[in-house]
Amino acid sequence: MTTAIYGVGAMGGAILEALTADGEGEVLAVEGAPERAESLRQQYADRTGVEVVDATTAASRADVHLVVVKPYSVAGLLAQLAPSLRPGSIVLCLALGVSLADLAEALPEGVAAIRGMPNTPARVGRGMTVLSPADDVTDEQLQQVRELLAPTGETIVLPESQQGVATALSGSAPAYFYLVVEAMVDAGVARGLTRADALALAGQAARGAGAMLVETGEEAALLRAAVTSPGGSTAAAPARLEAHAVRHAFADAVDACTDRAS
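These numbers were taken from a predicted model, which means no experiment stands behind them.

## Let's talk about the environment of glutamate 38
Move 1: With respect to the helices, strands and loops of the structure, glutamate 38 is situated in helix H2 (residues 34-43).
Move 2: The spacing of glutamate 38 and valine 52 is 14 residues in sequence and 8.2 Å in space, taken between C-alpha atoms.

Encoded structure:
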């Protein structure tokens, strides 16, 4: 199966890295700017299976097309691709706010459309991609896309109506955790740690806590209670966070992101 990635920026680059890390498969990378395309050729010259081509070539050769350009560029790109897309091929649009209705209007008959929202931990195989397939996408095609994205991390299938809140809880959410770790590191440095040591401690805590959530399947409240002895040092920290209305702050942040993404 040949995959095309249109737009190899932060997100497209993360997916390209994940899909080609083991040197298997065939990925066609497409960048509109000639200087950027040439830079990609040099960057991936020694990576087996990666070929930098133009959009029309990718459209005619690929089985699955990952559209990762900016939202304002999607319509123009799809108009360029449409004449060359083969029936039975799959277009997975990962651009924010581009609806299945938009895709249906732009794509030729016989081309499957899926709306998706990834996140940047895909680069290290720890991402999450939220998929919303059109009604005519077959189970086989959806499974094909999920298997393709497996090297990037996990996938989940949700109705298109939930893409906005999914973006708030997944697509944009790494930024929230980076902000939390940034604040923890600054606090640790203020108490005498080196920045490197503070980052190692806070980063591993975030990594371990995330793994506990995913691998145990337990509620976050239960895991928090397990490390919070009444009256202990751990209890002092959440109490102070609650005093600063941390729950309200996160709820407000999720609402703001959902409203912007919907």
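## Quick look at the pattern of salt bridges
Move 1: Within this structure, the stated rule accounts for eight salt bridges.
Move 2: A salt bridge links arginine 41 to glutamate 38, with the shortest nitrogen-to-oxygen separation between them at 3.6 Å. Remark: glutamate 38 and arginine 41 occur in helix H2; sequence separation between them is three residues, near one turn of the helix.
Move 3: Of the charged contacts in the structure, one is a salt bridge between arginine 247 and glutamate 242, with a shortest N-O distance of 2.8 Å.
Move 4: A relative accessible area of 53% means that arginine 247 is categorised as exposed.
Move 5: Since its relative accessible area comes to 36%, glutamate 242 is described here as partly exposed.

## Quick look at the nonpolar core
Move 1: One finds Ile5, Tyr6 and Leu66 to be the most contacted residues of the largest nonpolar core, which totals 54 residues.
Move 2: Of the residues forming this core, the biggest block, five residues, is contributed by helix H1 (residues 10-20).
Move 3: Once residues lying within four places of it in the same chain are set aside, the contact partners of tyrosine 6 are Val30, Ala55, Ala58, Ala59, His65, Leu66, Val67, Val68, Val69, Leu77 and Leu81.
Move 4: Ala168, Ala173, Tyr176 and Val254 belong to the second-largest nonpolar core, a separate cluster that totals five residues.

Cut-offs applied
- Numbering of residues starts from 1 in each chain and follows the order in which that chain's sequence is written.
- Reporting of local features is limited, given that this is a predicted model, to residues whose pLDDT is at least 70; pairs of side-chain atoms are given and counted only at 80 or more, and all residues count toward the totals for whole chains, interfaces and linings.
- Just so you know, side-chain values use all the structure's heavy atoms and leave hydrogens and water out.
- Put simply, DSSP H or I for four residues or longer makes a helix, DSSP E for two residues or longer makes a strand, and each gets a number counted from the N terminus.
- Any carboxyl oxygen of Asp or Glu within 4 Å of a side-chain nitrogen of Lys or Arg constitutes a salt bridge here.
- Only protein chains enter the accessibility calculation, which uses a 1.4 Å probe. A residue is then buried if its area is under 20% of the maximum for its type, exposed if over 50%, and partly exposed in between.
- Take the buried Ala, Val, Leu, Ile, Met, Phe, Trp, Tyr and Cys residues and link them wherever side-chain atoms come within 4.5 Å; each set so joined is a nonpolar core.
- By the convention used here, residues are in contact when the closest approach between their heavy atoms is within 4.5 Å.

Remember that the coordinates give geometry; whether it matters functionally is a separate question.
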